Amino acid sequence: MAGGPRWDRRNLLRTGAAALGGAGVGWSAATAVAATAPAPPAASGPTTVVGPPAGAQTVPALGRHQTGIATTPQAHLALVGWDLKPGAGRRDLARMMRLLSDDAARLGAGRPALADTEPDLALHPARLTVTFGFGPQVLRTLVPAQRRPVLEELPAFSRDELEEQWSQTDVVAQICCDDPVTLAHARRMLLKDARPFAEVRWIQHGFRTARGTVPEGTTSRNLMGQVDGTVNPTEADPDFAPLVWTQTSDTDPFAGGTFLVVRRIRMQLDRWDRVDRAGREGVIGRRLDTGAPLTGTDEFDAPDFSATDHLGLPVIDPASHVARARSSDPTQRFLRRAYNYTEPDPRRSTGEDSGLLFLAYAADLARQFVPVQQRLDELDRLNAWVTTVGSAVYAVPPAAPAGGYVGQTLLEGADDGVADS
Ligand code: HEM
């Protein structure tokens with residue numbers, strides 16, 4: 001690679017996480033990284049490296065909110081679900097969360113975890129974020145009533161075919177990163193530190209379009225080939241905060257938190273293959289090439305549900321996915337942050353199990369998410385090719401207080417410390 005600019009470790013540390021003191025920058029601030037970096041050495045030949053590698057980028061702390069929620073989705077996901085060991089109490093959970101929060105903070109800043117056995121794997125954070133949540137059983141048994149956020153299990157949905165192996169756990173960590181090696185290392189560090197307190201129930205892996213494959217800001221595609229994620233609240237929307245973050249008084253220990261719903265949705269892709277292109281577009285109500293509604297030309301055109309064709313039939317079928325998922329009630333919205341999954345599965349005729357890890361965040365799941373899921377359960381043309389096999393909900397606490405850990409405001413109070421558990 002004679003002549004091309006090189007990014008050695010010293011360069012990385014100077015221009016990346018270390019130079020930014022761990023405060024770092026995120027996807028949308030990629031240019032800020034470039035601005036802090038020294039100009040690459042003059043190249044005498046062709047080069048593809050024009051700035052610091054994406055691996056140096058970190059996601060800035062978000063005040064009272066955990067990162068990994070409003071963060072532009074990274075390319076890779078590892079979702080880890082733990083059950084606390086029998087007899088584990090509030091103090092054990094507090095210890096575990098202190099360790100895991102410390103790991104997440106260090107690794108997210110591009111620094112090795114404490115006692116990191118492979119510190120070299122921690123140096124390219126690639127926008128690593130770790131987002132923690134607690135299941136309903138943890139809230140009921142380990143969080144005192146005066147500090148407990150309200151989280152109910154989802155009601156039963158008639159079409160669900162839930163498998164025990166993907167069911168509700170006590171604790172979840174949504175680990176997201178643009179680099180799969182960094183992600184694997186972070187996952188291993190967290191698993192190691194959680195081991196004395198909890199057992200892993202499941203690890204679910206997901207992926208989106210890799211960074212650099214398409215221009216930044218392009219909506220990702222799911223494995224059915226659809227542009228997926230077009231209509232989604234963004235931070236630019238005035239109602240983003242009330243839709244996503246709990247809006248309680250500043251003294252509420254859950255203020256700035258949110259709730260997460262995880263639905264593992266299997267796709268019957270071999271049967272989907274048999275549907276022609278027009279049929280596939282009709283199922284969703286959007287075009288496959290651009291993601292535009294069937295009544296428009298651009299991905300972000302508003303669908304016209306009243307438009308009819310030459311036969312007088314609706315252009316967008318009222319039973320299509322977008323028609324059924326949309327509500328006239330603007331509060332029935334939430335932040336979707338879905339990932340594709342595909343795993344080898346020799347038991348299936350296709351040899352693999354593929355689908356969508358549907359992750360959504362909302363300030364109130366019962367009010368915002370459940371009515372939409374109920375509507376889709378009753379009628380959605382997409383249902384013929386998808387089956388939900390896993391389901392869980394979590395309370396996602398606010399960010400760790402300064403010097404503290406995620407969940408501390410729920411687990412510890414001035415009135416009753418963790419020492420009593
Ligand atoms: C494998 C399962 C699913 C697939 C393949 C899928 C696919 C899609 C696609 C392609 C769109 C249109 C583009 C967009 O706006 O993102 C869409 C929209 C949407 N989906 Fe899904 N989806 C799935 C499951 C779900 C579930 C479980 C929910 C919620 C319970 C949901 C809620 C929505 C919402 C709210 C929209 C936007 C509707 C609007 O235009 O206002 N989807 N989905």
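Rules behind the numbers
Residues numbered from 1 in each chain as written. Predicted model: local features only at pLDDT ≥ 70, side-chain atom pairs only at ≥ 80, totals over all residues. Heavy atoms only, no water. Helix = DSSP H or I, 4+ residues; strand = E, 2+ residues; numbered from the N terminus. Buried < 20%, exposed > 50% of the residue type's maximum accessible area, 1.4 Å probe, protein only. Contact = heavy atoms within 4.5 Å. Areas by Shrake-Rupley, 256 points an atom, 1.4 Å probe, with all protein chains shown as cover. Pairing = 2+ DSSP bridges. Donors = N, O, S within 2.8 Å, 3.2 Å for Na, K, Ca; no water. Axes fitted to C-alpha atoms, helices over the stretch in contact; angles between N-to-C directions. Parallel < 35°, antiparallel > 145°, perpendicular 65-115°, else oblique. Left-handed = near helix turned anticlockwise from the far one by under 90°. Nonpolar A, V, L, I, M, F, W, Y, C, P; charged D, E, K, R; others polar. pLDDT = per-residue confidence, 0-100. Core = buried A, V, L, I, M, F, W, Y, C linked by side-chain atoms within 4.5 Å. Near = heavy atom within 4 Å. Polar contact = N/O pair within 3.5 Å; in protein donor to acceptor, adjacent residues only side chain to side chain. Expected span 1.5 Å × (residues − 1). Phe/Tyr/Trp six-rings, centres within 6.5 Å; stacked < 30°, edge-to-face > 60°.

- If you look the protein up in an unreviewed UniProt entry, it shows as Dyp-type peroxidase from Nocardioides daeguensis.

## A look at the overall build of the protein
So, step 1. The number of helices and strands found in the protein is 12 helices and nine strands.
So, step 2. Looking at the 421 residues of the protein, the share that counts as buried comes to 51%.
So, step 3. In the protein, the share of contacts with a sequence separation of at least 24, taken over all contacts with a separation of at least 6, comes to 78%.
So, step 4. Carbon and sulfur atoms make up 54% of the accessible area of the protein, which totals about 19,100 Å².

## Quick look at the pairing of strand S9 (residues 386-396)
So, step 1. Extensive coverage of S9 is indicated by the burial of 11 of its 11 residues.
So, step 2. Of the strand pairs in this sheet, strand S5 (residues 258-267) and S9 are connected by 10 bridges, and their pairing is antiparallel. Along S9, the bridge assignment pairs Thr258 with Val396.

## Here's the deal with the side chain of Gln373
So, step 1. Structurally, Gln373 is set in helix H11 (residues 370-378).
So, step 2. Setting aside residues up to four positions removed in sequence, Gln373 forms contacts with Phe157 and Arg263.

## Notes on the coordination of the iron atom of the ligand
So, step 1. Protein coordination of the iron atom of the ligand is limited to a single donor, His321 (NE2), which sits 2.1 Å from the metal.
So, step 2. Within the secondary structure layout, His321 lies in helix H9 (residues 321-325).

## Overview of the packing of helix H3 (residues 90-108) against helix H5 (residues 180-194)
So, step 1. Two elements in contact, H3 and H5, have axes whose closest approach is 9 Å; the angle formed by their N-to-C orientations is 160°. The pairing of H3 with H5 is recorded here as roughly antiparallel in orientation. As H3 runs across H5, the sense of the crossing is right-handed. For the pair H3 and H5, contact is made by Met96, Leu99, Leu100, Asp103 and Leu107 and by His185, Ala186, Met189, Leu190, Asp193 and Ala194, respectively.
So, step 2. For the contact of H3 with H5, the class distribution of residues is eight nonpolar, one polar and two charged.

## Brief notes about the confidence of the model for the protein
So, step 1. For the protein, mean pLDDT is 88; residues scoring 70 or higher make up 86% of the total.
So, step 2. For the protein, helix H2 (residues 30-36) is the element with the lowest average pLDDT, namely 31, and strand S3 (residues 171-177) is the one with the highest, namely 99.
So, step 3. Below pLDDT 50 for its whole length, residues 1-49 participates in 73 contacts with residues either more than four positions away or in separate chains.

## Details of the nonpolar core
So, step 1. Counting 72 residues, the largest nonpolar core has Trp82, Leu84, Leu93, Met96, Phe132, Phe134 and Ile175 as the members making the most contacts within it.
So, step 2. Tallying contributions element by element places H3 first for this core, with seven residues.
So, step 3. Ignoring any residue separated from it by four or fewer positions in sequence, one finds Ile175 in contact with His76, Leu77, Ala78, Val80, Leu128, Thr129, Val130, Leu183, Ala186, Arg187 and Leu190.
So, step 4. Counting 24 residues, the second-largest nonpolar core is a separate cluster that includes Ile69, Cys176, Leu359 and Tyr361.

## So, the environment of Met96
So, step 1. Here Met96 is to be found in helix H3.
So, step 2. Taking the relative accessible area as the measure of exposure, Met96 reaches 0% and is therefore buried.
So, step 3. For the pair Met96 and Ala198, spaced 102 residues apart in the sequence, the C-alpha separation amounts to 8.5 Å.

## Observations concerning the site of the ligand
So, step 1. The environment of the ligand is made up of 25 residues, and the closest members are Gly229, Val231, His321, Arg326 and Arg336.
So, step 2. Thr230 has a polar backbone atom sitting 2.9 Å from an oxygen atom of the ligand.
So, step 3. Elements represented by at least two residues in the shell around the ligand include exactly S5, H9, strand S8 (352-362) and H11.
So, step 4. Considering each element in turn, the shell around the ligand owes the most residues, three residues, to H9.
So, step 5. Here the shell around the ligand is built from residues that sort into 15 nonpolar, six polar and four charged.

## Considerations on H3
So, step 1. Compared with an ideal rise of 1.5 Å per residue, which puts 19 residues at 27 Å, H3 spans 26 Å between its outermost C-alpha atoms and is within 8% of the ideal.
So, step 2. Listing the buried residues of H3 in full gives Arg90, Leu93, Ala94, Met96, Met97, Leu100, Ser101, Asp103, Ala104, Leu107 and Gly108.
So, step 3. Positive phi appears at Gly110, one or two residues downstream of H3, with a value of about 80°.

## Observations concerning the packing of aromatic side chains
So, step 1. Here the structure, examined in full by the defined rule, presents five aromatic pairs.
So, step 2. Ring geometry for Phe254 and Phe259: centres 5.2 Å apart, planes at 40°, overall tilted.
So, step 3. Arranged with centres 5.2 Å apart and planes meeting at 75°, the rings of Trp272 and Trp385 form a pair that is edge-to-face. Here Trp272 is found in helix H7 (residues 269-272), whereas its partner Trp385 is found in the loop between H11 and S9, with 113 residues between them in sequence.
So, step 4. According to the relative accessible area criterion, Trp272 is buried, its value standing at 2%.
So, step 5. Connected via pairs of aromatic rings, a cluster forms that spans Phe334, Phe358 and Phe369.

## As for the side chain of Thr129
So, step 1. Its place among the elements puts Thr129 in strand S2 (residues 129-134).
So, step 2. Thr129 sits in the buried class, given a relative accessible area of 2%.
So, step 3. In terms of polar contacts, Thr129 uses its side chain to reach the side chain of Gln74, at 2.9 Å.
So, step 4. Thr129 has contacts with Val59, Thr67, Gly68, Thr71, Gln74, Gln174, Ile175 and Cys176, leaving out every residue within four places of it along the chain.

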